[in-house]
Amino acid sequence: MGEIGVVQRLLKRTDLSRLVVQPEQPLQRPALANITPHLRLKSASQTADVGELTDSFHLNLTAFGLLSFAVGIFIVYSTIGLAFEQRRGMVRTLRALGVSLPRLIALMVIEVLLLALVGAVIGIFLGYIVAGMLLPDVAVTLRGLYGADVAGTLQFRASWLGSGLAVALLGSLAAAVAKIWQIASMPILASAQSRAWSMRSGRARGVQTVLAATSLLSAVGLAWFGTGLTAGFALLGCFLIGAALTAPLLIHPVLAFAVSAARTPVARWFWADTRQQLPGLSLALMALMLAISANVGVATMVSSFRLTFVAFLDQRLAPELYVEAANAAQANAIETRLPDSGVTVLPLLAIDTQIAKQPTRLFGVRVGPTYRENWVFLDAQPDAWERVSAGSGAVANEQLARRAGLWVGDSVALGEDQTVTLAAIVADYGNPRGQLVIGEASFRKLHPEIEPRQFGLRTDGPELTRRILISDLGLAESAITDQSALKATSLQVFDRTFTVTAALNVLTLVVAGFAMLMSLLTLADLRVPQLAPVWALGITRRRIGQLELLRTLVFAVMVCIIALPVGLVLAWVLLAIINVEAFGWRLPMFLFPGDYFRLFLLSVLAAIAAASWPSVRLMRLPPARLLKVFANER
């Protein structure tokens, strides 16, 4: 943003895109038509609906903010669990030396809160930086697509600090409660024994199964019986929690089968050891699964939306040119003179009214090949356009049909003495308002005072028609809109709309990979006593490191296989339930196998990269440290 003269010199332009007219003007102000006859005064009709329109953008951010939060909770829980696992010997020693259990728990809680506080401050700072980087695209999106005025600078709010600290502290406490309770309920000396922890993990698997089944059944119930946006988000949360809890339960029997199917001692040890590592890595795998699922869901939703949006633009922007007449004389000239030049004129009459007790934009159209060949209906009678042309039928957009509880074949009252039948339902993506389309003759009969000012022009020579409109009919350049330019601008704004969600998904995947790295590093230190006997039996350290890398690859592939259906269901919930509840229109869902394959390949590579460091550390582990395991064997 800059001073207008400077910007004009930088862009090498002398014109202005638009002028904003203040609502309050001096009493002696001359008429604008006398000062600037070549400009058109157009009311900002979008401003009244800015709040409703931008709800779609906020909903988009809220949904994927929820996904990021879910991934973060699992990562924090995994980290705290591994930290307690790493300190089980210290817990036994402190309790044996006389430190009381309440005091030990209090110290652990204080430690968790301090670390959470530091992490929250760093996270808020980094989040502010990311928000500042994404704000320009967000501002352009909201200003261009929704007509909302958004400041180009980011202002820090105390509420952000408070909510960020609250989420971090409460989430960390919730993640630590289970492990603290696990320590408190164990005998003093048992807390350092691997068998005691594994038995606890076995019992926890039963609890996990019950929780997963409960969450998934709740999600099914909400999908079947729930109504409203709150129920939609509750469904999303229950499904994500249930799917995350189910992932380790699905992996465990596969590993058990691999153990029984193994033929060589090394292979049998590898699969048995992989199964033994599942409890320690389960939460990191859950976070990775949620991150991959979120990426699958976002890719499906955005790509489906884009395909639908392109088809929608092709349908609605069929005429090569759109013009808006400044007065009745220009409108009459367009209708009478352009057909002599081989141009098909499609007038558009419109008025705001009430249809079926819903605020509706009523349109009158001249039915012809343009509408018959380009409009695609969600549902329709076989002779829909013939009914509209004859005055007995109408076409409603999906928003009006769902809000009014109407569908094809239902009767709609247009006035006191005129009723039509809904002949078709058409999708109207991105529009929060209800719309009803009737024939031109029916509209003129209802509202004879309305004259058309907007026209679609079908022509084989758009440039020639543009010159006729400007030179012969006196239309301003700004009154003519080229279809291809409008479509390109719409797609550009559309692509910017999902910049934030794409950034969230990449960030979520990176954080999940980092969590796996930290889990593997921690487990690598804890597993030295388990690997020492294998090394002593003749398997080299290099081979052990390679098997560790292979183990991570196995986990990553299994997680990707589970994440695909979870991501597809996630996309379906967003498109078919939450979007419908929020805005009254439903997007079709398409599948993109090529995108999924690239995403899975990237996820597997990220998992291998996360496992490389721990594997290299195992390969370089000094033999003396492995021998100490036998000297210090408990």
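Not measured: the values here are computed from a predicted model. (Residues numbered from 1 in each chain as written. Predicted model: local features only at pLDDT ≥ 70, side-chain atom pairs only at ≥ 80, totals over all residues. Heavy atoms only, no water.)

Draft legend 1. How the structure looks around empty space enclosed by the protein. Taken as a whole and judged by the stated rule, the model has two cavities of 30 Å³ or more. Forming the walls of the largest cavity are 13 residues, and the residues nearest its centre are Leu520, Arg527, Glu548, Thr552 and Pro614. Elements with a minimum of two residues in the lining of the largest cavity: helix 9 (265-316), helix 17 (499-526), helix 19 (541-583) and helix 20 (593-619). When residues in the lining of the largest cavity are grouped by element, the largest group, four residues, is from helix 20. Classifying every residue of the lining of the largest cavity by side-chain character gives seven nonpolar, three polar and three charged. In terms of lining residues, the second largest cavity is bounded by Leu531, Arg541, Ile544, Leu618, Leu621 and Leu626. Of the residues contributing to the lining of the second largest cavity, the split by class is five nonpolar, no polar and one charged. (1 Å grid on protein atoms, 1.4 Å probe; cavity = no way out; pocket = protein on both sides within 12 Å on 5 of 7 lines; lining within 4 Å. Points joined across faces, edges and corners; volume = space filled by probe spheres on them. Helix = DSSP H or I, 4+ residues; strand = E, 2+ residues; numbered from the N terminus. Nonpolar A, V, L, I, M, F, W, Y, C, P; charged D, E, K, R; others polar.)

Draft legend 2. Structural view of unusual backbone geometry. Despite not being glycine, Ala356 shows a phi value in the positive range, around 55°. The class of Ala356 is partly exposed, set by a relative accessible area of 37%. Of note, the phi angle at Lys357 is positive, near 65°, even though the residue is not glycine. The topology assignment puts Lys357 in the loop between strand 2 (344-355) and strand 3 (358-365). We classify Lys357 as exposed; its relative accessible area is 79%. (Buried < 20%, exposed > 50% of the residue type's maximum accessible area, 1.4 Å probe, protein only.)

Draft legend 3. Spotlight on the packing of helix 9 against helix 18 (residues 528-536). Following both chains from N to C, one finds helix 9 and helix 18 inclined at 175°, their axes separated by 13 Å at the closest point. The angle between the axes of helix 9 and helix 18 places the two elements in the roughly antiparallel class. From helix 9, Trp269, Asp273, Gln276 and Gln277 reach across to helix 18, where they touch Gln530, Leu531 and Val534. Taken together, the residues of the contact of helix 9 with helix 18 break down into three nonpolar, three polar and one charged. (Axes fitted to C-alpha atoms, helices over the stretch in contact; angles between N-to-C directions. Parallel < 35°, antiparallel > 145°, perpendicular 65-115°, else oblique. Contact = heavy atoms within 4.5 Å.)

Draft legend 4. Main features of the packing of aromatic side chains. For the structure shown, the criterion picks out six aromatic pairs. These aromatic residues form a ring-pair network of at least three members: Tyr371, Trp375, Phe377 and Trp385. Seen from the ring of Trp269, Arg551 lies directly overhead, with NZ or CZ sitting 6.0 Å from the centre. (Phe/Tyr/Trp six-rings, centres within 6.5 Å; stacked < 30°, edge-to-face > 60°. Lys NZ or Arg CZ within 6 Å of the ring centre and 35° of its normal.)

Draft legend 5. Representation of helix 15 (residues 462-472) in the model. Of all the residues in helix 15, the buried ones are Thr465, Arg466, Ile468 and Leu469. In an axial view of helix 15, the angular spread of the buried residues amounts to 160°, which keeps them on one side of the axis. In this structure, helix 15 carries Arg467 and Ser471 as exposed residues pointing more than 90 degrees from its buried face. Summarising the contacts, the buried residues of helix 15 are in contact with strand 1 (321-324), helix 10 (328-337), strand 9 (454-458) and strand 10 (480-482). (Arc of directions from axis to C-beta.)

Draft legend 6. Here's a closer look at helix 8 (residues 229-261). The end-to-end C-alpha separation of helix 8 is 48 Å, in line with the 48 Å expected for 33 residues at 1.5 Å each. Of all the bends in helix 8, the greatest reaches close to 25° and is centred on Thr246; the proline Pro248 follows between one and four positions later. (Expected span 1.5 Å × (residues − 1). Bend = angle between axes of the 7 residues up to and from the residue.)

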